[in-house]
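# Remarks on the overall topology
The lines below spell out each chain.
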Protein chains: 2
Amino acid sequence: MSLKSFLPILDWFPNYNKNWLKGDVSAGLTVGVMLIPQGMAYASIAGLPAVYGLYASIIPLIVYAVFGTSRQLAVGPVAMVSLLTATAIGSFEGITTEQYITYAILLALMVGAIQFLLGVFRLGFLVNFLSHPVVSGFTSAAALIIGLSQLKHLLGVNIPRSHHVHDIILNAIDKFSEINWIAVVIGILGILIIVVSKRIKKSLPGQLFAVIFGILAVTFFGLGEGAHSVSIVKDIPSSLPSFIIPSFDMGIVQLLIPMALTISLISFMESIAVAKAIQTKHRDYKVVANQELISLGLANVFGSFFQSYPTTGGFSRTAVNDQAGAKTGLASIISAVLIIITLLFLTPYFYNLPKAILASVIMVAVFGLIDYKEAIHLLKSNRTDFSTLIVTFLATLILGIEMGIGVGVVLSLAMVLFKTTNPHTAELAKVPDSHFYRNVKRFENLEVKDDVLIYRFDAQLFFANINYFKDELYDYEKGKGDKLRLLILDGESINNIDSTSIHALEEIVLDFNSRDIDVYFTGIKGPVRDKMLSSGFIKKAKQENFFMSIQKAVDFYESHEKSYIKDKNYQKYTHQTNK
Amino acid sequence: MSLKSFLPILDWFPNYNKNWLKGDVSAGLTVGVMLIPQGMAYASIAGLPAVYGLYASIIPLIVYAVFGTSRQLAVGPVAMVSLLTATAIGSFEGITTEQYITYAILLALMVGAIQFLLGVFRLGFLVNFLSHPVVSGFTSAAALIIGLSQLKHLLGVNIPRSHHVHDIILNAIDKFSEINWIAVVIGILGILIIVVSKRIKKSLPGQLFAVIFGILAVTFFGLGEGAHSVSIVKDIPSSLPSFIIPSFDMGIVQLLIPMALTISLISFMESIAVAKAIQTKHRDYKVVANQELISLGLANVFGSFFQSYPTTGGFSRTAVNDQAGAKTGLASIISAVLIIITLLFLTPYFYNLPKAILASVIMVAVFGLIDYKEAIHLLKSNRTDFSTLIVTFLATLILGIEMGIGVGVVLSLAMVLFKTTNPHTAELAKVPDSHFYRNVKRFENLEVKDDVLIYRFDAQLFFANINYFKDELYDYEKGKGDKLRLLILDGESINNIDSTSIHALEEIVLDFNSRDIDVYFTGIKGPVRDKMLSSGFIKKAKQENFFMSIQKAVDFYESHEKSYIKDKNYQKYTHQTNK
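What you see is a predicted model, and the numbers here were worked out from it, not measured in a lab. (Residues numbered from 1 in each chain as written. Chains lettered and ligands numbered in written order. Predicted model: local features only at pLDDT ≥ 70, side-chain atom pairs only at ≥ 80, totals over all residues. Heavy atoms only, no water.)

## Here's the deal with the interface of chain A and chain B
Heads up, the condition is: Note on definitions: a residue-residue contact is assigned when non-hydrogen atoms from the two residues lie within 4.5 Å. Buried area: the accessible surface (1.4 Å probe) lost by two parts on joining, summed over both. Each reported salt bridge corresponds to a side-chain nitrogen of Lys or Arg within 4 Å of a carboxyl oxygen of Asp or Glu. Think of a polar contact as two N or O atoms within 3.5 Å of one another; within protein, one of them needs to be a possible hydrogen donor and the other a possible acceptor, and neighboring residues in sequence only count if both atoms come from side chains.
Each partner contributes to the interface: chain A provides 59 residues, whereas chain B provides 59 residues. It is Asn128, Phe463 and Met548 of chain A in chain A that bury the most area against chain B; as a group they hold 12% of the surface buried on that side. Counting across the interface, chain A meets chain B through four salt bridges. Here Arg442 of chain B makes a salt bridge to Asp530 of chain A, at a shortest N to O gap of 2.5 Å. At the junction of chain A and chain B, the tally comes to 26 residue pairs in polar contact (both at pLDDT 80 or more).

Structural data, given as structure tokens:
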């Protein structure tokens, strides 16, 4: 591995092009302005004081700028990972706020270490096992859970924390009489401000406008105190995060491992998906999955030394970063500097920020993630994938966020395996006036012969489908009747073969030969040929029965057919033995 | 379902052919004579008194004759299932012999019920997930464990029961000084008698000869008593099994469920494998997997009502049954009758039967199951399958019999999935003077073009390999350089496609087109075409870019190449917009 591939910053910093600067500065500032309300809001999803969202928006950004392969990815606190953090730490009962914070930071260290190791051992491919429907179903459900978790701030009532949608809704209905209508109005206005700003121009800092509106409303109308007071952010410490090595408690570490693994993979998946999507627009660099794991891992590890909870590359800020013209990691560094300035000088101004505004920031962000379009598209085009999406969505809502994704992955792999054990098969026949052979069930007017069965099996042959292969073959044979003299096994769809199926093929050849039916093989692929040779199958099935194409096999058979039939009349003489 | 398919006996009994009788009687008697020593021996593997092996050789045989689809399968106690029974019940500590027997019979009821339900719900395909290497490795290891479990009888010492090979061997070495050399001599002579009889003629009842030899030796030399006495079978009750509904203890049932499931599947697998192998020689009936589950299930359920422990169709007796000329289930009924006669009148003669002889019966039977030839064959021909075999073998020996098979199944499925995520790919080029395109890495002198990349991906396209598909494609593209004008995606090996990969293909087409490279599709299969159409992909990739074969695509491209290049000179005019 070269130094540049471990330190991608060396790729762009020494060759920094002056023309990039304008874009980097403007993008860095835009994202930084977004980060202030988002960071505070996402920290509240994670169950942490607002300031920890700002802490998490400094070191990880700078570290990623040094080690990351994407030049537009905006790292920092994101909604999904914040929710997972709350799920992980929320499972500890009866802990103090200090312990909660300590564990969340420890979790960042663990997530970082796991990601770093996954990257070093080149296990980035693991994320490939998350299919599009699983990600879509899971994201939609998580967005719904996150959105609903903000109901309490929007309604101004105290709803117990829960990751089960029905609990949240039932509890909210239960507290209907206690709703703080001032909070509701502020929240709805916040949502409107954000949505309308986005409609007017995508790069408008709508979230900042909502924050300013909220602070002004509370300050002017004195809503922070009194009988109908709304919940506000209050004191945010005016200091940078301190350098503290996270404290280790092996018992806690053990309890956190399953969730740390889940967060490592899910946050990597979110990040790599957006990084790759943005990269296709920029051909001056390449996103490398394993290096991304290393860089996100280091971002989390170093972040945890400076009081950061788990972070990753997020969808919305990355998109804004790219639109605003970011060309290199410098944009992220500029965002981080803006957060530092905020922490040092601006925090007192956020005292009166109503939590309902943070809720509106979150709600707008996450409801955009609810991907009903994909569900409708799949319903129309692919029922299998649609059911995977729906099952994952429901499992995430009902069984909880960490089980949901597991159910989705296992289900989608099981579906693939199941389909491979019951693949599509076809009897082929000749397209008139051509050398092409196609499925007799799909096309009319094909030239079907009574004495030749051409069988195509659309899957690799392996232990779990070889019986299906046999059953289908004997069914086709039965369909042909007694005139059958030649079986052609078309190998063009058979991409691999294992020893179990080679054993079975041997038996099939013997069985057909015993009934005076020849077996020819056509279009066998290289890797399959290799295994057929090394297992001795080609010798047993006879080299001369292997043909380049179906047409060649049929031509050979037809040219020998007459002499073959003549031969058969003498067969009792040529085949006779005394045993 | 027709009555005949639920009661296959109706297929042969009403049409019974007199010519079959001789074969059925001779086979029935031969197998019955084998069953007497085998039944007693296998009961001892299961940890049960010898007579329970005879009990298990009556009702299950008759029930299977009525419901089973195979006409040669010899049902009854077998070594593997006996070992699994011992593993299941042996895990209960501090139980009496009566409880041990009760639980073994309850286990038969549970196994039967599970098999029956699996059959009714048509889940027989589950057994397809056991690959040849897994079965081979597992069987060899189980045979070794069973054989070694008989060491104590062969050596005449008391070795504690264990299913771990190293324990058994260490304990045996420990007790070297206590070895009863008379037992050793009897056992070795027993083995010799069985092996030599088999060498002389396969149908000779060598096991019965060994039993007679053992009884005579003990009786004449008075070896059953005194200081150097050998262990003998002693009293066997002279009565038929009683009708007793197995007693239910839900706590015990719950504890037995995992092993009952394991036994259900493994015993079904052993039985269906031998039934199918024998059936290929007889074309007058068909073995139906789900009906086999139903019949084996009923055999176990009804067997358990008459004090039978779990049974199934066994390898060796079925082979003997077939060789001795069995034509229908009548042979099994005759075997059962012979066992009934034995139980009623002959049991006193077995008093002096030395257990060392039973050990020799078992050892000869199971060491024949150790399948070293398959291991050597795979070592030479298929390293993946070889390692699956070895891992399953070692896992069974080290982790135990019930874990071993699980490790094997999971490993073999993981291997299949892993290979599907990293399939073979190829760049194709034309075989001179033909319309065939083959892998440029396998063949020399192919006609490679600088401006055309023909890419073949040898697997179904799905979420877990679409990134690999992309990576390989872009690597090939890089190999072609700047002259590339046309990408041909050959679909003949792509047997299926999911929504995740269709999304990715859309991006790939857009990306290539944005660099002025056309993308053609050739040989797309019907089921893939269906999904491409319903998802709207064909519209996006343009219908006219889909071709019947690579040659057709290349022909089309070449005929348009010149006008295309001319066109490109005007592209800035045709592509101009003001946005």
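## Concerning a nonpolar patch on the surface
All names here are of chain A. Counted only if it meets this: Patch membership requires more than 30% relative accessible area and the absence of a salt bridge. Residues of like charge join within 9 Å; the nonpolar side chains Val, Leu, Ile, Met, Phe, Trp and Tyr join within 5 Å. Surface accessibility follows the Shrake-Rupley procedure with a 1.4 Å probe radius. Residue values consider only the protein chains on display as shielding. Working definition: helices are DSSP H or I runs of at least four residues, strands are E runs of at least two. Numbering for both runs from the N terminus.
Together, Val185, Ile188, Leu189, Leu192, Val196, Ile200, Leu204, Phe209, Ile212, Leu216, Phe220 and Phe221 make up an exposed nonpolar region whose accessible area comes to about 1200 Å². When residues in the nonpolar patch are grouped by element, the largest group, six residues, is from helix H11 (residues 181-200). Structurally, Ile188 can be placed in helix H11.

## Re helix H18 (residues 372-381) of chain A
Defined as follows: For every residue, the accessible area obtained with a 1.4 Å probe (protein chains only) is divided by the maximum for its type, and the residue is called buried under 20%, exposed over 50%, and partly exposed between those limits. Here the arc refers to the set of directions running from the helix axis out to each C-beta atom.
Restricting attention to buried positions, one finds in H18 of chain A the residues Glu374, Ala375, Leu378 and Ser381 of chain A. End-on view of H18 of chain A: buried residues confined to an arc of 145°, all on one side of the axis. Exposed residues lying more than 90 degrees from the buried face of H18 of chain A are Tyr372, Lys373 and Lys380 of chain A. Those residues of H18 of chain A hidden inside the fold are in contact with helix H8 (132-149) and helix H19 (383-399) of chain A together with helix H22 (499-514) and helix H23 (526-534) of chain B.

## Concerning helix H14 (residues 289-305) of chain B
Residues and elements named next belong to chain B. We count it as follows: The span you would expect from a helix comes to 1.5 Å times its residue count less one.
In a regular helix each residue adds 1.5 Å, so 17 residues correspond to 24 Å; H14 covers 25 Å between its end C-alpha atoms and thus fits that length. Here H14 lies mainly inside the structure; 15 of its 17 residues are buried. Remark: Gln307 follows H14 within two positions and exhibits a positive phi of approximately 60°.

## Comments concerning the sheet that holds strand E5 (residues 452-457) of chain A
Residues and elements named next belong to chain A. What counts is decided by this rule: Only strands that DSSP links by at least two bridges are regarded as paired with each other.
One open sheet holds the six strands; their spatial order is E4-E3-E5-E6-E7-E8, and the pairing between them is mixed. One side of each edge strand has no neighbouring strand; the edge strands of this open sheet are strand E4 (437-439) and strand E8 (546-547). The pairing of strand E3 (residues 425-430) with E5 spans four bridges and is classified as antiparallel. Bridged to Leu428 within E5 is Ile454.

## Description of the relation of the copies chain A and chain B
What counts, and what does not: Here the copies are superposed with least squares, the fitted atoms being C-alpha atoms of residues at a pLDDT of at least 70 in both.
Rotating chain A by 179° and translating it 0.0 Å along the rotation axis places it on chain B, where the RMSD comes to 0.1 Å. The operation mapping one copy onto its partner corresponds to a two-fold rotation axis. No C-alpha of chain A lies nearer the rotation axis than that of Ser493 of chain A, which sits 2.4 Å from it. Looking at the interface residues of chain A, 100% of them are also at the interface in chain B, so both copies use one shared face.

## Section: the pattern of salt bridges
Residue and element names in this part refer to chain A. Enumeration according to the criterion identifies 24 salt bridges over all chains in this entry. Taking the shortest distance from any N to any O, the salt bridge between Lys470 and Glu507 comes out at 3.8 Å. Here Glu507 lies in helix H22 (residues 499-514) and Lys470 lies in helix H21 (residues 466-480), a separation of 37 residues in the sequence. Take Glu507: its relative accessible area is 45%, and that puts it in the partly exposed class. In the salt-bridge network here, residues are joined through shared partners; they are Lys4, Asp11 and Arg71.

## Thoughts on unusual backbone geometry
Even without being glycine, Arg122 of chain A reaches a positive phi, approximately 55°. At Lys234 of chain B, a residue that is not glycine, the phi angle is positive and equals roughly 65°. Looking at the element boundaries, Lys234 of chain B is found in the loop between helix H12 (206-221) and helix H13 (250-279). Here Lys234 of chain B falls in the partly exposed class, since its relative accessible area comes to 46%.

## Points about the sheet that holds strand E5 (residues 452-457) of chain B
Strand pairing in a sheet is mediated by backbone hydrogen bonds. Such pairs are either parallel or antiparallel. Residues and elements named next belong to chain B. The cut-off we apply is this: Every angle, taken between N-to-C directions, lies between 0 and 180 degrees, and every axis is a line fitted to C-alpha atoms, over only the stretch in contact when it is a helix.
The strand order E4-E3-E5-E6-E7-E8 describes an open sheet built from six strands, whose pairing is mixed. The open sheet has two free edges, formed respectively by strand E4 (437-439) and strand E8 (546-547), since each of these has just one partner strand. Running at roughly 155° to E5, helix H21 (residues 466-480) makes contact with strand E3 (425-430), E5 and strand E6 (486-490) of the sheet.

## Here's the deal with the side chain of Thr311 of chain B
All names here are of chain B. Its place among the elements puts Thr311 in the loop between H14 and strand E2 (312-313). Of the residues examined, Thr311 reaches a relative accessible area of 2% and is grouped as buried. If sequence neighbours within four positions are ignored, Thr311 has contacts with Ala56, Pro60, Val75, Gly76, Pro77 and Asn300.

## Examining the environment of Ala88 of chain A
Residues and elements named next belong to chain A. Turning to its location among the elements, Ala88 is positioned in helix H6 (residues 79-90). For Ala88, a relative accessible area of 3% corresponds to the buried category. Discounting residues that sit within four places of it in the chain, Ala88 has contacts with Leu107, Leu256 and Met259.

## With respect to the packing of aromatic side chains
The description of an aromatic ring pair rests on the distance of the ring centres and on the angle between the ring planes. Residues and elements named next belong to chain A. Rules: Each Phe, Tyr or Trp ring, with Trp reduced to its six-membered ring, pairs with another whose centre is within 6.5 Å; inter-plane angles below 30 degrees give stacked pairs, above 60 give edge-to-face pairs, and intermediate values give tilted ones. In this analysis the charged atom, NZ for Lys or CZ for Arg, is taken to sit over a ring once it is within 6 Å of the ring centre and within 35 degrees of the ring normal.
Summed over all chains, the structure comprises 44 aromatic pairs over all chains. Between Tyr455 and Phe469 the ring centres are 5.1 Å apart and the planes differ by 50°, which places this aromatic pair in the tilted class. Of this pair, Tyr455 sits in strand E5 while Phe469 sits in helix H21, placing them 14 residues apart in sequence. In this pair, the class of Tyr455 matches that of Phe469, namely buried. Ring geometry for Phe521 against Phe546: centres 4.7 Å apart, planes inclined by 15°, an arrangement best described as stacked. Here Phe521, found in strand E7 (residues 518-522), pairs with Phe546, found in strand E8; they are 25 residues apart in sequence, far enough to count as distant. Taken together through their ring pairs, the aromatic side chains of Tyr455, Phe457, Tyr468, Phe469 and Tyr476 make up a single cluster. The ring of Phe512 carries Arg515 above its face, with NZ or CZ at 4.8 Å from the centroid.

## Points about the packing of H21 of chain A against H22 of chain A
Residues and elements named next belong to chain A. Put simply, the test is: Oblique is the label for every angle not falling under 35 degrees (roughly parallel), over 145 degrees (roughly antiparallel), or within 65 to 115 degrees (roughly perpendicular). For any pair of crossing helices, the crossing counts as left-handed if the nearer helix is rotated counterclockwise from the farther one by less than a right angle, and right-handed if it is rotated clockwise. Classification used: nonpolar for Ala, Val, Leu, Ile, Met, Phe, Trp, Tyr, Cys and Pro, charged for Asp, Glu, Lys and Arg, polar for all others including Gly.
At a minimum axis separation of 10 Å, H21 and H22 run at an interaxial angle of 20°. Judged by the inter-axis angle, H21 sits roughly parallel to H22. As H21 runs across H22, the sense of the crossing is right-handed. Taken together, the residues of H22 that come into contact with H21 (itself represented by Ile466, Phe469, Lys470, Leu473, Tyr474 and Glu477) are Thr500, Ser501, Ala504, Leu505, Glu507, Ile508, Asp511 and Phe512. Its residues placed into classes, the contact of H21 with H22 shows eight nonpolar, two polar and four charged.

## Observations regarding the nonpolar core
Stated precisely, the cut-off is as follows: Take the buried Ala, Val, Leu, Ile, Met, Phe, Trp, Tyr and Cys residues and link them wherever side-chain atoms come within 4.5 Å; each set so joined is a nonpolar core.
Membership of the largest hydrophobic core comes to 126 residues, with the highest contact counts inside it found for Met40, Leu48, Ile89, Leu107, Leu256, Phe350 and Leu353 of chain A. A total of 13 residues in this core trace back to one element, the largest contributor, which is helix H13 (residues 250-279) of chain A. Not counting chain neighbours up to four residues away, the residues in contact with Met40 of chain A comprise Leu35, Ala50, Gly53, Leu54, Ile236, Phe350, Leu353 and Leu358 of chain A. Of all hydrophobic cores here, the second largest spans 118 residues; its members include Ile236, Ile252, Phe305 and Ala359 of chain B.

## What to know about the confidence of the model for chain A
The predicted coordinates should not be examined in detail at positions where pLDDT is low. Here is the rule: Confidence of the predictor at the level of single residues is captured by pLDDT, which takes values from 0 to 100.
Looking at chain A as a whole, its pLDDT mean stands at 89, while 97% of the residues score no less than 70. As scored by the predictor, the complex reaches a pTM of 0.78 and an ipTM of 0.79.

## Side note on the environment of Asp433 of chain A
All names here are of chain A. Tracing the backbone through its elements, the reader meets Asp433 in the loop between E3 and E4. Exposure remark for Asp433: the relative accessible area of 81% places this residue in the exposed category. Taking the C-alpha atoms as reference, Asp433 lies 64 Å from Ser82; in sequence the two are 351 residues apart.

## Some points on the packing of helix H3 (residues 18-45) of chain B against H12 of chain B
When two helices pack together, you describe them by how their axes are tilted relative to each other and by the distance separating the axes. Residues and elements named next belong to chain B. As a packed pair, H3 and H12 sit with axes 8 Å apart at the nearest point and diverge in direction by 55°. Considering their axes alone, H3 and H12 lie oblique with respect to each other. For H3 against H12, the interelement crossing comes out left-handed. Touching Val33, Met34, Pro37 and Gln38 of H3 are Gln207, Leu208 and Val211, all from H12. Tallied by class, the residues present in the contact of H3 with H12 amount to five nonpolar, two polar and no charged.

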